[in-house]
Amino acid sequence: MKPRLHAKSLLPVKHLLPAALLALGCQGAQAADRFEPGLWRSSALIDGKTERRTGPRCVTDKEAQTMNGSAASIRGALEASPDWKACSIRDVRADGDSVAFSAVCADAVTTSQTRYQPSSYSGTITVTQPGAPTMTMSIKGERVGSCP
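Computed from a prediction, not measured in an experiment: that's the story for all the values here.

Asks: Which residues make up the sheet that holds strand β7 (residues 135-145), and what values do they have?
Replies: Judged by pairing direction, the sheet is antiparallel, and its 7 strands sit side by side in the order β2-β1-β7-β6-β5-β4-β3 without closing on themselves. The outermost strands of the open sheet, each flanked by one partner alone, are β2 (50-59) and β3 (87-95). Adjacent strand axes in the sheet meet at a mean angle of 15°, parallel and antiparallel pairs treated alike. In the sheet, strand β1 (residues 38-46) pairs with β7 via 8 bridges, with the strands oriented antiparallel. Each bridged residue has a counterpart across the sheet, and for Trp40 the counterpart in β7 is Arg143.

This is the structure we're talking about:
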């Protein structure tokens, strides 16, 4: 029988845009122009086979400010997010147009690396869990207009 990934480890598939946005919340010092508010659509290619799409979803000014914040503000937003509440957030880095972090949720480790442009993003999310194959998702998103 093939090992199955823990449901918590599939969080990035279920919530692509929230994972990419990291969370709602705060604006930090040392902000960068990574992300712009508006209507966004996201997709993920899972293990090179299965594609999942989300959106469109309205990203508010406040959410965009979070993405443009420092590593400390992004960490705070992740820790406050219901999507990552049961996880231990580790190694948050925000450098120019890139954001990376890892999270331990139960026995699964999620690692996210995303490069942002004001109207698009792309990246990779990997989920590892003992006894299960590593799941790799290639994610991308694009701004498709202004919020209604």
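After presenting the structure, the write-up continues.
Asks: Any details on the side chain of Arg34? Residues and values, ideally.
Replies: Summarising the element assignment, Arg34 is placed in the loop between α2 (16-21) and β1. One buried charge, Arg34, has no salt-bridge partner; the nearest side chain with opposite charge is Asp97, at 6.9 Å. A distance of 2.9 Å separates a polar side-chain atom of Arg34 from the backbone oxygen of Gly69.

Asks: Please give an account of the state of the cysteines that cites residues and values.
Replies: Applying the stated criterion to the full structure yields 2 disulfides. Sulfur-sulfur distance for the disulfide between Cys87 and Cys105 comes to 2.0 Å. Measuring the twist about the S-S bond at about 105°, one finds the Cys87-Cys105 disulfide to be right-handed. Taken together, the positions of Cys87 in strand β3 and Cys105 in strand β4 (residues 98-105) put the pair 18 residues apart, joining distant regions of the chain. Exposure class is identical for Cys87 and Cys105. Each is buried.

Asks: Tell me what's going on with unusual backbone geometry, and back it up with residues and numbers.
Replies: Here the bond from Gly55 into Pro56 is cis, since omega is 5°, no more than 30 degrees from zero. Notably, Asp47 is not glycine yet its phi reads approximately 50°, a positive angle. A positive phi angle is found at Asp91, which is not glycine, with a value near 50°. One can find Asp91 in strand β3. You can call Asp91 partly exposed: its relative accessible area is 48%.

Asks: Got a sec to walk through the nonpolar core? Specific residues and values, please.
Replies: Core analysis: the largest hydrophobic core is formed by 25 residues, its most contacted members being Phe35, Leu78, Trp84, Ala103 and Met137. For this core, the elements supplying multiple residues, two or more each, are β1, α3 (61-67), α4 (71-80), β3, β4, β5 (108-117), β6 (120-128) and β7. In terms of residue count, the dominant contributor to this core is β4 (4 residues).

Calculation criteria
- Residues numbered from 1 in each chain as written.
- Predicted model: local features only at pLDDT ≥ 70, side-chain atom pairs only at ≥ 80, totals over all residues.
- Heavy atoms only, no water.
- Pairing = 2+ DSSP bridges.
- Helix = DSSP H or I, 4+ residues; strand = E, 2+ residues; numbered from the N terminus.
- Axes fitted to C-alpha atoms, helices over the stretch in contact; angles between N-to-C directions.
- Buried < 20%, exposed > 50% of the residue type's maximum accessible area, 1.4 Å probe, protein only.
- Lys, Arg positive; Asp, Glu negative; His and termini not counted.
- Salt bridge = Lys/Arg side-chain N within 4 Å of Asp/Glu carboxyl O.
- Polar contact = N/O pair within 3.5 Å; in protein donor to acceptor, adjacent residues only side chain to side chain.
- Disulfide = S-S within 2.5 Å.
- Core = buried A, V, L, I, M, F, W, Y, C linked by side-chain atoms within 4.5 Å.

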